[in-house]
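# Observations on chain architecture
Each chain is listed here by its residues.
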Amino acid sequence: MESIRQLYRIGQGPSSSHTMGPRFAAERFLRRQPDAAAYRVTLFGSLAATGRGHLTDRALQNAFAPRAVEIVWRPDQALPEHPNGMRFEALAKDGELLAAWEVCSVGGGALRDAAGPVGEPRGAVYSLARLAEILRHCERQGESLGDYVLAREGAGIEAHLETAWQAMRAAIERGLQTEGPLPGGLGLARKARSFHRKASLFGPHLRQSGLLCAYAYAVAEENAAGGIIVTAPTCGSCGVLPAVLRYLDETLDCSREDLLRALAVAGLIGNLVKHNASISGAEVGCQGEIGTACAMAAAAATKLHGGSLAQIEYAAEMGLEHHLGLTCDPVGGLVQIPCIERNAHAAARALSCCHFALLSDGRHKVSFDTITRVMKETGQALPSLYRETSGGGIAQAYDGERKD
């Protein structure tokens, strides 16, 4: 299993799979073929179906600039490896094909081609790839999950986590200070600033909900506007973990070490889902994005509350289990409706899962590893209409209402 450095990526929204991934791929192809007379990129499947709303074309144009690039949209075709497929072509002046490269954007900004992961360090960081195995190891060694992650990641991981946390905090602050409509044509207004102001007027219970909502909205709105965020595990689900950590940092008075270890634990949970299932909405629906983010935040929150290994596992399991079957059907192909609200609801659910786990002794019937497998099976069974194509569900219902 790879490093959590590849899970927490700092970059520009609104979509890690549709914006970050294609841009990374374009930059890599350009380094290989810098002198071609012309370039063409064919987008397949989900990338073509929702690419305009996710700003895929803009990401590619910016990467190739000042060179021109032709973009071909093929929403009705897919490469066999993944729904988010791309074909890059370098052309001579007479139109002759000089070079071609097929690559897939598999979620969280990661790329994969026929040879395997692209641009990632080779070799496994983690020899264990099931949470049950990791928990048994930690129990035998008397090791916490946070220390387990830091030990395996090695030098520099704390600095990486610190950089990621500071970028999360900055996204919250920008989101709380910004008002006005989000781009894309839906006429959706930013709400984070208003929610944050109103939260101070509420009693303790509603204040918690108001602050979590404000923080999650702040990051998700920054993402929707193309701002700089941290994939956790994706752009579309980037508001969940920062919201929970910001709220608990304020209410529990967490130390820097507490927060970094909580980030490490969350990263481990996200990595396990990414390795054993998928965090790609185009592959398994929104359960792979928001569900994983909720599991990550629930585990981090339980860690910060001093929960046991079993309680952390239980909280993560609940966070993923109770998002099973969640579809990915963004209105207009934009990462706005229902994506922004889902970040807020998942943040609230993550804290609820934490509290539920802390009330128990951590023992339960269905393991996190089992739920991860079930999530993958459920996602593969979802029709493509409900896997980031905007071909069904909320996206089509909204379009139908608007036309009526």
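An unreviewed UniProt entry annotates the protein as L-serine ammonia-lyase of Geothermobacter hydrogeniphilus. Of the protein, the UniProt comment under Cofactor (unreviewed entry) reads exactly: "[4Fe-4S] cluster". For the protein, the Catalytic activity (unreviewed entry) comment in UniProt is given as "L-serine = pyruvate + NH4(+)".

So, about the sheet that holds strand β5 (residues 97-107). Taken in spatial order, the six strands line up as β3-β2-β4-β5-β6-β7 in an open sheet, and their pairing is mixed. Every interior strand has two partners, whereas the edge strands, β3 (69-74) and β7 (116-118), have only one. For this sheet the average axis-to-axis angle between neighbouring strands, irrespective of direction, equals 30°. Inspection of the sheet shows strand β2 (residues 38-44) paired to strand β4 (residues 85-91) by six bridges, in the antiparallel sense.

This brings us to the side chain of N223. Within the element layout of this structure, N223 appears in helix α8 (residues 204-224). Look at N223 and you get buried, because its relative accessible area is 1%. Non-local contacts of N223, meaning those with residues more than four positions away in its chain, are made with G13, P14, S15, I229, C235, G236, C238 and V335.

Domain annotation for the protein reports domain 1 (4-117) and domain 2 (131-399). The gap between the C-alpha centroids of domain 1 and domain 2 is 27 Å. Taken together, the two surfaces of domain 1 and domain 2 that pack against each other cover about 2700 Å², and 59% of this comes from carbon and sulfur. When the buried area of domain 1 at its contact with domain 2 is split by residue, I4, R5 and Y8 rank highest and sum to 30% of it. In this structure, the salt-bridge partner of E153 is R5, at a minimum N-O distance of 3.1 Å. At the surface where domain 1 touches domain 2, the tally comes to 20 residue pairs in polar contact (both at pLDDT 80 or more). Going through the elements one at a time, β1 (10-12), α1 (16-32), α2 (45-50) and β5 are the ones with two or more residues in the side of domain 1 that touches domain 2. The biggest single contributor to the side of domain 1 that touches domain 2 is α1, with four residues. For the side of domain 1 that touches domain 2, the per-class residue count stands at 10 nonpolar, 16 polar and two charged.

Time to look at unusual backbone geometry. Residues G13 and P14 are joined by a peptide bond in cis, for which omega reads 10°. Mapping P14 onto the fold places it in the loop between β1 and α1. With omega at 10°, the peptide bond leading from A232 into P233 counts as cis. Structurally, P233 can be placed in the loop between β8 (228-230) and α9 (240-252). Here the phi dihedral of D253 falls at roughly 55°; this positive angle occurs in a residue that is not glycine. The phi torsion at S390 lies on the positive side, around 60°, for a residue other than glycine. Structurally, S390 can be placed in the loop between α15 (368-381) and α16 (393-403). Looking at S390, the relative accessible area reads 12%, which means it is buried.

Our next topic: the UniProt feature "domain: Serine dehydratase-like alpha subunit" (unreviewed entry) in the protein. Residues annotated in UniProt with the feature "domain: Serine dehydratase-like alpha subunit" (unreviewed entry) correspond here to residues 155-395. Helix makes up 64% of residues 155-395 and strand makes up 1%, while its end C-alpha atoms are separated by 45 Å.

Attention now goes to the packing of helix α12 (residues 290-304) against helix α13 (residues 309-321). One way to put it is that α12 packs onto α13 with a least axis distance of 7 Å and a crossing angle of 155°. On the basis of their axis angle, the class for α12 and α13 is roughly antiparallel. Helix-helix and strand crossings are classified by hand; for α12 and α13 the assignment is right-handed. Here α12 contributes G291, T292, C294, A295, A298, A299, T302 and K303 to the contact with α13, which in turn contributes Q311, I312, A315, A316, G319 and L320.

This next bit is on empty space enclosed by the protein. Under the counting rule described, the total for this entry stands at one cavity of 30 Å³ or more. In this model, the largest cavity occupies a volume close to 190 Å³. Mapping the lining of the largest cavity onto the domain boundaries places at least three of its residues in each of domain 1 (4-117) and domain 2 (131-399).

Residues L131, I134, L135, H137 and C138 constitute the buried set of helix α4 (residues 131-141). Considered in projection along α4, the buried side chains sweep an arc of 160° and stay on one side of the axis. Away from the buried face of α4 by more than 90 degrees, exposed residues E139 and R140 are located. Just past α4, the residue G142 takes up positive phi, approximately 65°.

Cut-offs and rules
Residues numbered from 1 in each chain as written. Predicted model: local features only at pLDDT ≥ 70, side-chain atom pairs only at ≥ 80, totals over all residues. Heavy atoms only, no water. UniProt positions renumbered as here; feature names shortened; annotations may be inferred. Pairing = 2+ DSSP bridges. Helix = DSSP H or I, 4+ residues; strand = E, 2+ residues; numbered from the N terminus. Axes fitted to C-alpha atoms, helices over the stretch in contact; angles between N-to-C directions. Buried < 20%, exposed > 50% of the residue type's maximum accessible area, 1.4 Å probe, protein only. Contact = heavy atoms within 4.5 Å. Domains from an automatic or database assignment. Buried area = accessible area lost by both parts, 1.4 Å probe. Salt bridge = Lys/Arg side-chain N within 4 Å of Asp/Glu carboxyl O. Polar contact = N/O pair within 3.5 Å; in protein donor to acceptor, adjacent residues only side chain to side chain. Nonpolar A, V, L, I, M, F, W, Y, C, P; charged D, E, K, R; others polar. Parallel < 35°, antiparallel > 145°, perpendicular 65-115°, else oblique. Left-handed = near helix turned anticlockwise from the far one by under 90°. 1 Å grid on protein atoms, 1.4 Å probe; cavity = no way out; pocket = protein on both sides within 12 Å on 5 of 7 lines; lining within 4 Å. Points joined across faces, edges and corners; volume = space filled by probe spheres on them. Arc of directions from axis to C-beta.

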